[in-house]
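Survey of secondary and tertiary structure
Each chain, written out:
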Amino acid sequence: TTALLASGCTNRFAPARYGRADLLAELGRLAPMRAIEPRLSLPAPYQPVPSAPQPPSDAVLELAERAAARVRHHADARTLHAAALVDLLWAGTDGIPLDRSISYLRTVSRLEDRSAAALTDLAAALIVRAERKRSPRDLLEAIESADRALELEPRDAAARFDLALALERFGIDAEAERAWKMFLEIDSTSGWATEAKRHRRPPAEAAEPPPMPAPTASLTGVLAYADAAPEQAMLFGWDHLLDEWGSAVAAGDMARADRSRRLAAAVGAELERQHHDATLADAVRAAVLTAGHASTERALARAHRDYAAGRAAHRGGTYAAAGRWFDRVIANPSASPPLVAWARFGRASTLVYQGRPDAADAALRQVLAYANALRDPSLAARAHWVLATTLLRRGRHQQAIDESERGAELFQRIGEEENLGAVEVIAADAEQYLADPAVEYAAVERALITLRPYRRSVWLHVALYNAGSFAATDGLRRAAVKLADEDVRVATETGERMFVAEARLGRARLLAASERASVAAQDVGTARAIVQALPPSPGRNWFDADLRLAEAATILSDTPVKARAALDSVIAFFRSQHNQIRLLPALVARSRAALDLGDGAGATADLDRSLTILNEQSSSMTRIELRASLLETARSVVDRLVMRRVAAGQSRLALADLERARVSLAPTGARNRARVAPLSSPPRQVAAEYALVGDTLLIWTIVDAAVELSRTTVDRAQLLHTIEQTRTSLELRSEERSTTRQLTSLYDWLVRPIEPRLGQSGATLVLVAAGDLAGVPFAALRDSARGRYLIEDHPLRFVPSLRDAGRAAAKRPSLAERALLVADPEFDRRAFPELRRLPGASAEVEALRAEYPDAVVLSGPAANRVAVEAALQHASVVHYAGHAVFDDERPEQSLLVLASGQGRSDPAAGRITAEEIERLRLGHLRLVVLSACETIRSRSAGSGGFGGLADALLAAGAQGVVGSLWRVDDELTRELMSELHRAYGRSGNGAEALRAAQLRLLRSADSKLSSPAAWAAFRYAGN
């Protein structure tokens, strides 16, 4: 198919047409799904196998060269779109064209936020990468993009195909079948329709186990049942046959007792033969040994009857009663060891439901001390499963994952597939607190795929419920709603009304957050009827609180009085449960309701309590997405509170509110550094803090303790579009005339209003600009009236919040700086297949040797983690010239690429993450220069601080960091870095040194060096 694709491209764009100026624009209009989807056709619909990319044809390569040239000279949305499609046509195994294509398409979708074609292309590209790189998150982002495209163009066949395919690949089967049906309503005759019909076949469901035999069934029937359904047969033996034996013994009906015992023995023997579980067989042997000992036999019989009663109570949800029955078994001296082990397991399960995980933990460890993983794998697997649950509830996430994996291994060995899926759900839940996003999403997808055949499984409901919440915290709200739609279907199929209520309340919250309150209200109404019919119990109380929280979300905008009243009871309940995580969204919602009612004091009090809880819980919220998601509404409340202060003329209080929120929403390091301090600028410096609230641009300038506010109305969409376009133009070194216009426009928006308060030329300007404004290349903003860039008038210093601006700078050592220079680490190509070595980086570091004659130089294979960490402890200046990888989904996992070191098989040996850097003690570092790509970016979600590597270094104690906003050219960077270090050697001031280097390039006779594209990417952060 790839060869046909290439020949098709050659026919469409014959060589004679290559000279046409509109070639790339025409390519941009190609139907995206038709362009690349042939490579997505797989031999088996539910077992993706990466296709082997073939070498591109000469025509495609020539087209790629022309696309690259156009991007360099004119990087507008249309050109980037076309270049992205060219990259898709020849994306090879190394992944570079594919990643670049996705990067371009994301940029296009931001530049043209109503372009269905760009969103559809992005969805298709993400599906390709998900297949190639086994990256499940790409599938959810593809769902997100395709759904956005369909909102703009409901009959776009390409978007419908991509949506259906992504849903299917992630295991969202009912929604996928619905999406295929909708595609076929648009296109029922093409080859793509044939493909859609093949995919529309739903996956096979697990065969229903045969009906449970009656205790009076024949031996042949019972053995056939054990052979066909060993797990159910084991439970049948314990819950029914041995219960029947106990009842018969108690009644003195020894013939009936003997028959039940023989049937249980036959089932136990069959389970032993299958290596499924030996506990039933061992229990029957213990019963046989009591024959002839009437009192002992009756006592054992009573224990089995008590166990069966406990199991029945547990199934009925009366956990306190179940626990009492299991305690009677455990206390019975005649109970056999396997019976006691199962009773301990049952007791532990009830303790989990009763909110006593510590006691459950102790009981489960006793079970595991008895259960032999070879003889009793079913019991042992269940104990590992429930132990993983208790560990997860106590925040011991890695241990929960370890126990889940042990349980999963045993369940897989004995073929209990649904239970395997259940422990995979527990592992996925725990992974979100520990692992990187790739591992987290893989765990979620694995659980869904395992449970795919069990459409009526409670655990499939739990997997979908958790996955929807997980996707929502990651900003993928449309995909989250699709998961919630699937969950409602599955919960309904379970026949358990309680789970239906849970699924509908989960979807209602997602819909309300997506401003679909009227639709959410329907789910709330259905859930209300179910919850009100539940009998009184602790579970009913929980559902009542969950119901009121969802109700408040649906009525918050229209009737804040009722919402506030509902939230009062929700907050009271979750406070009584000491559940801070569930308390947070309720407090934030009530603060919003208070604002709607004009109660600024109440809104502030609830918001302050939310921020306090957030900081108290920060150690358990290791995922920045969780923080951002939990307080996304909090940011909107802060914005409204700030605007309320501004309207009242309280500009200083407005700034204080904004600062408090910036610190609380910032990455961990920024929160730890920030302390309560007066709002003032450092001596002889001017501070400016920016906030964009709707279409209102607020700029506070602070000189000493004087605070002034500039407030202007802007076209928000146009401003953000210009920021994105400027960044793209500079990164791609586009035509300078259009870039200059963009930089001038940004100056007029962002600097012109505060020009009179910036002080004399040469005064340092301290900038706080997070979220939407974080990517502004302030150094290159151009004053058209004077023909000067901002950097020509002021050194610029960036800080995450104003409270960071006044940190005392470390004194400069009297002796020469001790430098560590790291150049082009020889990384493991298997770990980073998309990266290439950087010969320009070695030349860059070689040029710095003159400035630091005693420097420690680590390059190539010597630049490994052990050597770098050791050298860091004795350096005051660090220069890293290599590859950095910024993780936008989880900035703390952003990393510097290092050499892996000889004989090191651990992938972590060849990298150091921001999270790991933050744990180092680097207070002796005066300057760190990260001459690499995207090392000082802010997260796109807009939380405070920089995120990633720069913030980690500052948190570890470094005084200042020079990093880049976008991908930089190592050849163009070399001259800037050399001048930076020469200037730093003269002044010892990082911000002034960077400015001197930027001015040196700006005034160069070489047009490549004088262009802002060569020097504007870098900025100085810190003191």
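Everything that follows concerns the structure shown earlier in this document.
This is a predicted model, so every value here is computed, not measured.

**Quick look at the pattern of salt bridges**
- Here the structure, examined in full by the defined rule, presents 66 salt bridges.
- The residue Asp523 makes a salt bridge to Arg504 at a minimum N-O spacing of 2.5 Å. Taken together, the positions of Asp523 in helix H27 (residues 517-532) and Arg504 in helix H26 (residues 497-513) put the pair 19 residues apart, joining distant regions of the chain.
- Judged by relative accessible area, which is 2%, Asp523 ranks as buried.
- Between Arg752 and Asp748 there is a salt bridge, with its nearest N and O atoms 2.9 Å apart.
- When its relative accessible area of 36% is taken as the criterion, Asp748 is described as partly exposed.
- Here the salt bridges do not stand alone but share partners, grouping Asp748, Arg752, Glu755, Asp783, Arg786, Arg788, Glu792 and Asp793 into one network.

**Some remarks on the nonpolar core**
- Tyr690, Leu773, Phe778, Leu781, Leu796 and Trp1015 are the most contacted members of the largest nonpolar core, which has 105 residues in total.
- Ranked by residue count, the leading element in this core is helix H45 (residues 990-1002), at seven residues.
- When sequence neighbours within four positions are dropped, the list of residues in contact with Trp1015 reads Ala779, Ala780, Tyr789, Ile791, Leu976, Gln998, Leu1001, Leu1002, Leu1009 and Ser1010.
- Core analysis: the second largest hydrophobic core is formed by 92 residues, Leu167, Ala501, Ala527 and Leu547 among them.

**A look at the environment of Ala157**
- By the element assignment, Ala157 lies in helix H9 (residues 157-170).
- Look at Ala157 and you get buried, because its relative accessible area is 12%.
- Sequence-wise, Ala157 and Thr120 are 37 residues apart; in three dimensions their C-alpha atoms are separated by 9.7 Å.

**Quick word on the sheet that holds strand S12 (residues 895-897)**
- Strand order in the open sheet formed by three strands is S11-S12-S13, with antiparallel pairing between adjacent strands. Looking along the sheet, the strands with just one partner apiece sit at the ends: strand S11 (884-885) and strand S13 (911-913).
- As paired strands, S12 and S13 are joined by three bridges and run antiparallel to one another. The residue bridging Leu895 from the neighbouring strand is Thr913, located in S13.

**Things to note about the packing of aromatic side chains**
- All chains considered together, the criterion is met by 18 aromatic pairs.
- Ring centres of Trp238 and Trp342 lie 6.1 Å apart, and the angle between their planes is 50°; this geometry places the pair in the tilted category. Pair noted here: Trp238 is in helix H13 (residues 230-251) and Trp342 is in helix H18 (residues 337-353), with a separation of 104 residues, a long-range link.
- Note on Tyr319 and Tyr353: the rings are 4.3 Å apart at their centroids and 0° apart in plane angle, and the pair reads as stacked. Separated by 34 residues along the polypeptide, Tyr319 in helix H17 (residues 319-331) and Tyr353 in helix H18 bring together distant segments of the chain.
- On the basis of relative accessibility, which here comes to 21%, the residue Tyr319 falls in the partly exposed class.
- A connected cluster of aromatic rings, assembled from ring pairs, spans Trp238, Tyr307, Phe326, Trp342 and Phe345.
- In this structure, Arg782 packs its charged tip against the face of Tyr789, placed 5.6 Å from the ring centre.
- Note that Arg1019 overlies the ring of Phe798, its terminal NZ or CZ placed 3.7 Å from the centroid.

**A closer look at helix H41 (residues 865-872)**
- Residues of H41 that are buried include every one of Arg865, Val868, Ala871 and Leu872, and no others. Looking straight down H41, one finds its buried side chains confined to an arc of 140°; they lie on one side.
- Buried residues in H41 make contact with strand S8 (819-825), strand S9 (856-860), strand S10 (877-881), S13 and helix H42 (914-918).
- The backbone nitrogen of Val866 lies 3.2 Å from a side-chain oxygen of the residue at the head of H41, namely Asn864.

**Considering H17**
- The terminal C-alpha atoms of H17 lie 18 Å apart, and with 13 residues this matches the ideal 18 Å at 1.5 Å per residue to within 8%.
- Within H17 the residues assigned to the buried category are Ala322, Gly323, Phe326 and Val329. Taken around the axis of H17, the buried residues stretch over an arc of 115°, which confines them to a single face. Seen from the open side of H17, the exposed residues pointing more than 90 degrees away from its buried face are Arg324 and Ala331.
- Looking at the buried residues of H17, the elements they touch are helix H16 (294-315) and H18.

**A closer look at the pairing of strand S3 (residues 706-713)**
- The pairing of strand S2 (residues 696-703) with S3 spans eight bridges and is classified as antiparallel. Following the sheet pairing, Trp700 is matched in S3 by Leu709.
- Between the end of S2 and the start of S3, which pair antiparallel, lie two residues, with Asp704 showing a positive phi angle near 55°.

Conventions and cut-offs
- Residues numbered from 1 in each chain as written.
- Predicted model: local features only at pLDDT ≥ 70, side-chain atom pairs only at ≥ 80, totals over all residues.
- Heavy atoms only, no water.
- Salt bridge = Lys/Arg side-chain N within 4 Å of Asp/Glu carboxyl O.
- Helix = DSSP H or I, 4+ residues; strand = E, 2+ residues; numbered from the N terminus.
- Buried < 20%, exposed > 50% of the residue type's maximum accessible area, 1.4 Å probe, protein only.
- Core = buried A, V, L, I, M, F, W, Y, C linked by side-chain atoms within 4.5 Å.
- Contact = heavy atoms within 4.5 Å.
- Pairing = 2+ DSSP bridges.
- Phe/Tyr/Trp six-rings, centres within 6.5 Å; stacked < 30°, edge-to-face > 60°.
- Lys NZ or Arg CZ within 6 Å of the ring centre and 35° of its normal.
- Arc of directions from axis to C-beta.
- Polar contact = N/O pair within 3.5 Å; in protein donor to acceptor, adjacent residues only side chain to side chain.
- Expected span 1.5 Å × (residues − 1).

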